[in-house]
Amino acid sequence: MLEFLQRIFRPRPNKQEETDPDAVVMEKWDAVFSDPKNVRFDIKSESAYDAYLHKSGNTDCLVLGLRKAGCIAWIEDPLFRYGDLVIDGTFRLDSRGSYAAAGFLFRVVDERTCYSALISNKGYFRLDVLQNGMPLPLIGWTEVPGAETDRARGLPAADMPVSLKIIAWNSHIILAVNGIWAAEIKDSTISEGRICFAAACYDAPVHNDDEPYTAEAFLESFSVESRTLEVEKIYGQWENKADPRSCFHLAETFTAMNQPAAALIQLKKAWDDPACEKTQRELLLAARLALRLELLDEAETYIDNCIAAGAGTPLGREAGLERVKLLYIAKRYDELIAAAPEDGPGSGNGGSAEGACTEAAPRPEPSSTFYTLLGNVYMERNEVKRAARCYDEACRLDGSNGLAAKNAANAYELLGEKDEAIKRYLEAGRIFLSQDNYEDLGILVPKMLALDGSSREAHGLAGKWAFGVEDWTMAAQEFAEAERLRLALEPRPGRDPSLVFLQALLLIRQGKRPEALPLLEEAAALAPDFALFRFRLAESRFLLSGNSADPRMLADLEAALNLSSGEEDAPPDSGGSRLTCGWIHNLAAQTALGNNDLEGASRHLEKAAGILGEVPAIRVNRGGLRYLQGSLDKALAVLAVTSKDEDPEGMMSNCAGNLLVKAGRFEEADSYYQAALAAAPQNAEYICNRAACLIELGYYGEADSLLARLETMTPSALNLIAYIAIKKGEYQRAEAACKTALESDDGHAASLLSLGWIYTTLKRWDDARNILDRLNALPLSAEYKSRRDELKMRLEESLFKTVHCIACGRSWRILREPSPAPPIRLFAMPPDDLPAGTCPECGGVYCIACGKKNLDPEGRFLCPKCGKSLKLIDGGLKKLVYDWAAGALPRE
């Protein structure tokens, strides 16, 4: 008995020590955030996030703070793995003005394979599975149950605790939010794994250095139930708790995800609730889903019910249009024709169907879609004229219906009406182009050119299509042909500004920005109210001159800002004009940085980030701003890259390298340049930057080899090659590199300066003077002006020297190597300011005024120190006296 009692009360080893952390366990566990020993989560911080325990009021919680936008971070419970489980968690999300989400990862195999359930600060949830790094959305963003009520109450995200329940049993996954069934789905991709608390920040338009985080998630309570019987029991309790509103939201989500069958199932599940009444909106959605699934009888029932609920309502009218589509799909053409307005272009003897238009199925309102389908019917019946009229009516009712315009063109082509056909083809082409529909436009291009190869508009559209699909050669050819045809017309029409603009962009792609500038100026003059043209013109002026204070560039930039001012508050999905506005503000920030207007740069950057998000170009300028504000460390923090996706083109790494070079930290800069080149190995700018850095470090051979990788030698690269050649004493190679650079850009100041130094070193004075003349004719920046003046001073020091009178200090600037002066005989005393000569003993030089004080009996100048006769030994001094004599004395 004693031994038995000893065994019962003997201290047992810690359960955590005797349990395999990789084991799949069945347990009930509640986290206690007030006790660090009972938290389990691996609480640690990394560069992208901080994790820590915190007491908020009377609530202890686990906090996950994200340091930047565009990232997702998680804290793992490393102790056990789970198969079937129920997760219950309550958390708050402080988005700090950004778009953020929080939730849980479960069945986590590794960072590349797991399930993810997140709820956003906008009141939506989603469920994804990640397998081998490939994300697959199981449920896209779907409205959280009760989110409409919360938004109506105006509660901020930080004040809205959210409870999320995840039930994963076998392949079934149920989500419940705030105690309401939200979704159920079946997926067997992953059977077991760990659990994590996660947070994501998708974008943070408002950037504030005083705020350490872009978003914070506070986990206030957490529990996991993994005992199989208990999980099965809980699943059974929730299996039939489907909320009708949640089902309808799910149906909308699955519709958007192009899963019509799943969407229709959710609608029917909602209608299984006896208390759920079918609304017009639900019936219309069900009709559309049934049509997509070709369940025509079922679709017709939904349509009839929707119309019966209110034929005159907007949804009832939409249902009438769905009925038209059903008649077309079912090939009930007589009924479709009978539904046409009696005075419309599609009315006539095409057929009749008794009861086609009744009170239950009234005549649909005329619409572009209706007449497009009616035109298709007449085309099938070979009634081409009626079809053409229907397509024209469809275009009249909806000017964006490119399909109707294309079909009209086909009809007129069949009728032999070439002019009408090409007119419709051009109309369809313009519509497709405005919609970025290059697939359909590409089908039209050969038809247009075959029908009328002499149409400048057709060639212009063909060029725009080729530009859009990046066929640069064809684009250039079609633009040139369109211009040739324009010039041949009488009277000659004006140029299409968009063609001029695209021709300029083609030249820029070829590295011919100076040649593109006149075309950009012309495009801006032809369309002065188009912000994009003024922006690209300002951008090119800035890139060509490098001068942030260029008045013409600033005028174009100001015009672009004014023209795009209305786009700043436009919705995020409003299109390209809003994005252009963002890039305009980014350029304005860049020029403000160049002008040391840090406040203006910060203001424009916030506007740009609000539109574009924290894209690499914005962060590059933000890093430059932090550097100018006096903090290189803050600049490097802004430019820090944690993944390749964050800086796919290496732009931020290159900028960090540039800032470190300015700070003289060349070894660190080189590591950043290497990272930039890893992202873009053939980027000429990055190659040149790293080569320049290697030159500063004295690695001339490595820099030379790096520059040899360039596919096309830019003037900047050739100038660096010249510098390396000079360091190696290869002056002939250096001269050849500079001349090649100047052949492609005769105003490349850096190459001119290098060539000037080469000529000065080689004592080719005339060539060096010519280089200075060319530099003087250029509009140089302050830096290049300083370098030009330095070259000029060096040239003058090489050519001239200054000689002083040892007695009074008078000076003469004379050539170091003058041409020999002919011998002369003087019969008159030269002026006092000319040199009297040099003492052969002490080397002292005296002017005539001082020399007069010490003359021998014969009137010759003597050195007052040595008593020796002064002589004009220096050729330069002798040349001064000779030039005076040649100009002052009479000649025979």
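The preceding data block contains the structure.
All of these numbers come straight from a predicted model, not from anything done at the bench.

> Outline the pairing of strand β15 (residues 800–804), supporting the account with residue identities and numerical values.
Pairing between β15 and strand β16 (residues 811–815): 5 bridges, direction antiparallel. For V803, the partnering residue across the bridge sits in β16 and is W812. Where β15 hands over to β16, the hairpin turn is made up of 6 residues, of which G809 adopts a positive phi near 90°.

> I'd like to hear about the nonpolar core, residue by residue, with values.
Among the nonpolar cores identified, the biggest contains 92 residues, and F106 and F222 are the most heavily contacted of them. Residue contributions to this core peak at 8 residues, all from helix α7 (residues 280–292). Among residues more than four places away in sequence, those in contact with F222 are W29, D30, A31, F33, F41, I87, D88, G89, F104 and I195. Core analysis: the next-biggest nonpolar cluster, separate from the first, contains 66 residues, Y333, F370, A458 and L502 among them.

> Could you give an account of the pairing of strand β8 (residues 124–131), naming the residues involved and the relevant values?
The pairing of strand β7 (residues 113–120) with β8 spans 6 bridges and is antiparallel. Looking at the pairing, Y115 lines up with V129 of β8. The hairpin formed by β7 and β8 contains 3 residues between the paired strands, and G123 there has a positive phi angle of roughly 90°. In terms of strand pairing, β8 meets strand β9 (residues 134–143) through 7 bridges, oriented antiparallel. Bridged to D128 within β9 is P137. What sits between β8 and β9 in their antiparallel hairpin is a turn of 2 residues, with N132 showing a positive phi close to 55°.

> So what's going on with the pattern of salt bridges? Residues and values would help.
The final tally for this structure, using the stated rule, is 59 salt bridges. Across the salt bridge formed by R323 and E300, the nearest N and O atoms sit 3.3 Å from each other. A residue pair is termed long-range when its members are at least 10 positions apart, and R323 in helix α9 (residues 314–329) and E300 in helix α8 (residues 296–308) qualify at 23 residues. Of the two residues, R323 and E300, neither departs from the other in class, the shared state being buried. Salt-bridge contacts for D556 lead to R534; the nearest nitrogen and oxygen are separated by 3.2 Å. Of this pair, D556 sits in helix α21 (residues 551–563) while R534 is found in helix α20 (residues 531–545), placing the two residues 22 residues apart along the sequence. For R534, a relative accessible area of 17% puts it in the buried group. One salt-bridge network, in which partners are shared between bridges, spans E300, D304, R323, R332 and E335.

Each value, and the rule that gives it
- Residues numbered from 1 in each chain as written.
- Predicted model: local features only at pLDDT ≥ 70, side-chain atom pairs only at ≥ 80, totals over all residues.
- Heavy atoms only, no water.
- Pairing = 2+ DSSP bridges.
- Helix = DSSP H or I, 4+ residues; strand = E, 2+ residues; numbered from the N terminus.
- Core = buried A, V, L, I, M, F, W, Y, C linked by side-chain atoms within 4.5 Å.
- Buried < 20%, exposed > 50% of the residue type's maximum accessible area, 1.4 Å probe, protein only.
- Contact = heavy atoms within 4.5 Å.
- Salt bridge = Lys/Arg side-chain N within 4 Å of Asp/Glu carboxyl O.

These figures come from the coordinates and say nothing about function on their own.
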